[in-house]
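For reference, the chains in residue letters:
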Amino acid sequence: MADLKELASALMRGDAPAVEKLTKQAVDAGIGPKEILDGGLIAGMQVVGERFKNNEIYVPEVLIAARAMHAGMKTLEPLLVKAGVKPVGTIAMGTVRGDLHDIGKNLVSMMMRGNGFKVIDLGIDVTPQKFVEAAKDQGANLIGMSALLTTTMPSMKATIDELQRAGLLGKVKVLIGGAPVTQRYASEIGADGYAPDAASAVDKAKELIGL
Ligand code: B1M
């Protein structure tokens, strides 16, 4: 267990080489990949998320921690697949149609991955149809939309309308965010949830799928 604590703190420091080394050591010591993920990488990322939410650290530190997470996941991912470990949920994430801002969307995606979600990254300028296809064809049980422009926020509503037309509204949960987005707007357009930052987005996503 001591090794996993060390792994979690290396992740919190954003020390990618140490995370890579400690992950390999834990595997060699016979600790299961799920245990390494939960007790080391996710445990560390949860602390990073909390600190970010409390404004104790900022975007660069989160990006550095995410890079360290990636260094550990390179070793763990194939082992998790082999062991048949299922993600806690699958979220299709994208920045809405007409909007090219992706820093926030990427941060949310990283934090989701850091907490055991499978993320289907649809990128930027994502049409309502593309979100719906991800839910239909790729098995996403959550849609995550980001918008940074007041002029692109209506595309969130258009996506919700498209989900309704496809008969998916209610079955697939919709989470929205981005600087100009508010809880009030989310309620107005019928989104299931809103989150003001990346760490809260993870909490909300878990809540929406009943975790
Ligand atoms: Co643009 N831009 N930009 N921009 N840009 C803003 C957003 C703006 C506020 C600047 C300003 O005028 N003060 C303004 C919008 C005004 C408005 O609509 N109210 C603006 C504008 C006008 C524009 C252009 C129209 C400028 C022009 O060309 N005339 C143009 C539009 C292009 C387009 O999208 N079609 C444009 C372009 C650009 C760049 C390409 C130069 C660049 C984007 C680069 C990139 O993303 N790869 C850019 C940038 C960097 C910004 C600012 C400076 C920073 C945005 C950012 O990355 N913030 C921004 C001003 C500002 O915010 N200070 C601005 C950091 C990021 C971590 O925060 O994305 O809010 P944020 O994400 C947070 C939360 O909101 C939340 O979690 C994240 C982490 O805590 N969150 C979610 C985000 N998505 C979520 C999803 C969730 C839950 C939470 O659930 C799914």
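Residues numbered from 1 in each chain as written. Predicted model: local features only at pLDDT ≥ 70, side-chain atom pairs only at ≥ 80, totals over all residues. Heavy atoms only, no water.

Draft legend 1. Just the nonpolar core, in detail. Ranked by size, the top nonpolar core spans 43 residues in total, and within it Leu37, Leu41 and Met112 carry the most contacts. Of all the secondary-structure elements, those providing two or more residues to this core are helix H1 (2–13), helix H2 (16–28), helix H3 (33–53), helix H4 (59–82), strand S1 (90–96), helix H5 (103–114) and helix H9 (198–208). Per-domain counts for this core show at least three residues from each of domain 1 (2–82) and domain 2 (90–208). Setting aside chain neighbours within four positions, we find Leu37 in contact with Ile42, Ala43, Met69, Met73, Leu76 and Leu80. (Core = buried A, V, L, I, M, F, W, Y, C linked by side-chain atoms within 4.5 Å. Buried < 20%, exposed > 50% of the residue type's maximum accessible area, 1.4 Å probe, protein only. Helix = DSSP H or I, 4+ residues; strand = E, 2+ residues; numbered from the N terminus. Domains from an automatic or database assignment. Contact = heavy atoms within 4.5 Å.)

Draft legend 2. Structural context of the pairing of strand S2 (residues 118–126). Note: S1 against S2, six bridges, orientation parallel. For Ala92, the partnering residue across the bridge sits in S2 and is Ile120. Each parallel crossover has a hand, and the one from S1 via H5 to S2 is right-handed. (Pairing = 2+ DSSP bridges. Right-handed = clockwise from strand over helix to strand, strands pointing away.)

Draft legend 3. Quick look at a nonpolar patch on the surface. Among the surface-exposed residues, Val59, Leu63 and Ile103 lie close enough to one another that they form a single nonpolar patch of about 230 Å² accessible area. With respect to the helices and strands, the residue Leu63 is situated in helix H4. (Patch = residues over 30% accessible without salt bridge, like charges linked within 9 Å, V, L, I, M, F, W, Y side chains within 5 Å. Areas by Shrake-Rupley, 256 points an atom, 1.4 Å probe, with all protein chains shown as cover. Salt bridge = Lys/Arg side-chain N within 4 Å of Asp/Glu carboxyl O.)

Draft legend 4. Summary view of H3. In this model, H3 (21 residues) spans 28 Å end to end at C-alpha, consistent with the 30 Å of a helix rising 1.5 Å per residue. The principal kink in H3, of about 35°, is found at Ile42. Taken together, the buried positions of H3 are occupied by Pro33, Ile36, Leu37, Gly40, Leu41, Ile42, Gly44, Met45, Val48, Gly49 and Phe52. Directly beyond the C-terminal end of H3, a positive phi value near 60° is found at Asn55. (Expected span 1.5 Å × (residues − 1). Bend = angle between axes of the 7 residues up to and from the residue.)

Draft legend 5. Quick peek at the pattern of salt bridges. Applying the stated criterion across every chain, the model contains 10 salt bridges. A salt bridge links Lys105 to Asp121; its shortest N-O distance comes to 2.9 Å. Of this pair, Lys105 sits in helix H5 while Asp121 is found in strand S2, placing the two residues 16 residues apart along the sequence. You can call Lys105 buried: its relative accessible area is 3%. Owing to a relative accessible area of 38%, Asp121 belongs among the partly exposed residues under this scheme. Put simply, Arg165 and Glu162 hold a salt bridge, and the shortest N to O gap is 2.9 Å.

Draft legend 6. Structural detail: the sheet that holds S2. Strand order in this open sheet of five strands is S2-S1-S3-S4-S5, and the pairing throughout is parallel. The open sheet is flanked by S2 and strand S5 (193–194), the only strands paired with a single partner. Taken together, the five bridges between S1 and strand S3 (residues 142–146) define a ladder with parallel strand orientation. Considered in S3, the bridge of Gly94 is made with Met145. Its contacts with the sheet place H5 against S1, S2, S3 and strand S4 (173–177), and it is angled at close to 170° to S2. (Axes fitted to C-alpha atoms, helices over the stretch in contact; angles between N-to-C directions.)

Draft legend 7. Expanded view of helix H6 (residues 128–137). What H6 keeps buried is the set Pro128, Phe131, Val132, Ala134 and Ala135. An end-on view of H6 places all buried positions within 155° of arc, on one side of the element. Exposed and facing more than 90 degrees away from the buried side of H6 are Lys136 and Asp137. Where H6 terminates, the next one or two residues include Gly139, which has phi positive at roughly 70°. (Arc of directions from axis to C-beta.)

Function cannot be inferred from these measures alone, as they are strictly geometric.
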